[in-house]
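The primary structure of each chain is shown beneath.
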Amino acid sequence: MNGSQTPLVEMRDIRVSFGGLHAVDGVTITLNPGEVVALVGGNGAGKSTLMHTLAGARPADSGQILVNGQVVTIANPRDARAHGIEVIYQKLALADNIDAAGNMFLGRELHTKTGALDEAAMASATRTVMQRLNPRFKNLSTPVKSLSGGQRQSVAIARAVHFNAKILIMDEPTAALGPAETEQVRELITQLKAEGIGIFLISHDIHDVFDLADRISVMMQGRLVGTVDKNKVTKDEVLGMIIMGKKPDSAE
Amino acid sequence: MTATHTDNAKSTEKRRDWRSVLTATEIDTRLAGMVAAIAVIWVAFHILSGGDFLTSRNLWNLSVQSTSIAIMATGMVLIIVSRNIDLSVGSLLGLLGYVMAMVQTRWIPDTFDLGFGRWYTWIVALIVGIALGAALGAVQGAVVAYGGVPAFIVTLGGFLVWRGLIFRMGEQGQTLSPLDDTFSRLGGGPNGSLGEIRSWILGLIGCAGVSFSIYLARRRRRRYDLGVRPLAIDVCLAVFGCIVILAGIAFVAVGYESPISGDPTGVAYPVVILILVTIGMVYISRRRRFGRYVYAIGGNPEAAELGGINTRKTLMLTFVLMGVLCAISAAIQTARLDAAVTNLGVQNELDVISAAVIGGTSFAGGIGTITGAVLGAVIMQSLRSGMVLLRIDSPSQDIVVGVVLVSAVAVDAALRLGKRRLAGIALTVGLVLAALIVQTGRQ
């Protein structure tokens, strides 16, 4: 990615603290269109908390967020969505007792002129997106509780795709999936990337990270250790950053 | 050997056919099970009482007596679905009933010096009751949703406060009576029914409504190119619905002749109110965003929050709605008594929660239906009425209702886990215990 381009997202000097604990301590990070930036680090490194500030789940205490070069305020999930930011959470933020269509539109339901839920329209839109993402998906009107992990993940991804996400945050998207389903999600990430969507990928799986990411940001104890180009580092060097909290001399 | 094999195959196939027809109707199996349970209870009591249960008079009374608990149970479903509880409904009902009685017996006639029997008396009383119910519900809901105090504690407080306020208002627990003539019709007493002709009109409206809603659902699904049920099944459902409505009106409502005038009574006003409330609550819970959000919060509060749903406001509104329904039930109960007494609604909270739970509402959250709760209230009232017919003493009635409550939930829980044998055991134990208590409790 060339330097002259405006980044899709720029997070500047973000700080979040819980009581006395600095969960995120002055992190600056950027994301370009069509780019996958992996966030790695041990448990409690602050990756998820940092992404929560972008998603509006937990506003930052200080710092700036720029989307397409404009400073934006993200105080809640609605604000985030208004800027084209969609999240696919680790624990799959789905309501188990509601069907796929209901989950896809959760919080953004389609309604008829009288204000009643337009279930038929929502089911129809869900089917359209699903045909593109997971053509085998048929259970549009059963509660998602009865679906497999992969199917549930495709509901979560369908939500992001349907609402034209420009910026996608994926928190361990393959943690709950089997090998075939993981492959499916990887293909999808590649496809979304080709469409110019920027993706923040939180992952523990170093192989996933090297296969999918363009750049890798390593965090430790709330601080950014460094951001490296995937092609200029080895897996061992990244692991070294995660464990030692130091940037290798060879990178950049 | 081969013969048995083909026989087996044939019978499995037949069973599958039968099942697929049932699946095609898309009827909720849990609701169907409850209707079956009601049928069994009614027939059993009919036989045990020597033919007294399935009479127009008994079923008419049963329908009226179920209304108050059923109306509140529709609101309790939403509260329990969103993982809360409301223990205050009995006390709140008592307070609202008392206030509505004060409006008609003290405030309008004396305080404002307008006299008795005004055309607007009952309307003012109702509006005051409903507004106060909504306001007190909002207070409890706000403390739960915004204050972060568990609903159990908040409504336990409400349980004590609302009941105490009745006595503060009621000058040493005075009974307020008689009430406004028009108001007391809401209880289904004298002149408290639609009468023959208007009952039939209601029935025809009901038939048209059922048929039209089936048609509308069909048209919507077709427009979006989604699968529709076979036409034959939709027609059968519509015809069946109409037959049930008209037969119910013919046998129960019109068939029951008023003991006073000797004319057919028709559908009682409380039952009309229950029907309207049920339709309204089903619509709110299934077709409005508010209802969808209540279920989403119950299913996964975090997902609801992350979905951008205003969960606090939604939770508060469930309590507001509960307060309104308490006011409607309070009007029916005071009107039925033609008086407001200080112990009105005592223990109603337990009956309301039981009705919701027997109706399939789960305390784990996210699961429960309005129609289930109404049927749950009918089951409870059927047990009570049946046992009264069998002259079973009141303490034994309580034991039976308690046993049925626990075993119904046990059966439901076992079926949800797919443990059919366990469900069978729970059902058998419950039935044997209940039968034993009924048999030994007869006087």
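Placed above this text is the structure.
Residues numbered from 1 in each chain as written. Chains lettered and ligands numbered in written order. Predicted model: local features only at pLDDT ≥ 70, side-chain atom pairs only at ≥ 80, totals over all residues.

Remarks on helix 2 (residues 29-48) of chain B
Residue and element names in this part refer to chain B. Taking 1.5 Å per residue, 20 residues should reach 28 Å; helix 2 reaches 28 Å between its end C-alpha atoms and fits that length. Those residues of helix 2 lying buried are M34, A37 and F45. With its buried residues spanning 60° around the axis, helix 2 presents them on a single face. For helix 2, the exposed residues set more than 90 degrees away from the buried face come down to T29, A32, A36, A39, V40, V43 and I47. Contacts made by the buried residues of helix 2 are with helix 15 (370-389). G50 occupies a position one or two residues after helix 2 and carries a positive phi of about 70°. (Helix = DSSP H or I, 4+ residues; strand = E, 2+ residues; numbered from the N terminus. Expected span 1.5 Å × (residues − 1). Buried ≥ 20, exposed ≤ 12 C-beta atoms within 10 Å, placed from the backbone. Arc of directions from axis to C-beta. Contact = placed C-beta atoms within 7 Å.)

With respect to the interface of chain A and chain B
With 22 residues of chain A at the contact, the number on the chain B side is 24 residues. At the level of secondary structure, the elements contributing two or more residues to the side of chain A that touches chain B comprise helix 2 (77-82) and helix 4 (119-133) of chain A. Sorting elements by how many residues they give to the side of chain A that touches chain B places helix 4 of chain A first, with four residues. A per-class count over the side of chain A that touches chain B returns 13 nonpolar, five polar and four charged. (Nonpolar A, V, L, I, M, F, W, Y, C, P; charged D, E, K, R; others polar.)

Description of the packing of helix 10 (residues 269-287) of chain B against helix 15 of chain B
Packing of helix 10 of chain B against helix 15 of chain B leaves a shortest axis separation of 9 Å and a crossing angle of 145°. Facing helix 10 of chain B, whose interface residues are T278, M281, V282 and S285 of chain B, helix 15 of chain B presents I370, T371 and V374 of chain B. (Axes fitted to C-alpha atoms, helices over the stretch in contact; angles between N-to-C directions.)

Structural notes on the nonpolar core
All names here are of chain B. A73 and M76 are the most contacted members of the largest nonpolar core, which has 193 residues in total. It is helix 13 (residues 311-337) that contributes the most residues to this core, 16 residues altogether. Those residues in contact with A73 that lie beyond four places of it in its chain are V352, A355, A356, G359, A373, V374, G376 and A377. (Core = buried A, V, L, I, M, F, W, Y, C linked by C-beta atoms within 7 Å.)

Here's the deal with the sheet that holds strand 10 (residues 223-229) of chain A
Residues and elements named next belong to chain A. An order of 6-7-8-3-9-10 is seen for the six strands of this open sheet, with the pairing classed as mixed. The strands lining the two open edges of the sheet, one partner per strand, are strand 6 (85-88) and strand 10. Along the sheet, successive strands turn relative to each other by an average axial angle of 20°, direction set aside. Taken together, the five bridges between strand 7 (residues 167-171) and strand 8 (residues 198-202) define a ladder with parallel strand orientation. (Pairing = 2+ DSSP bridges.)

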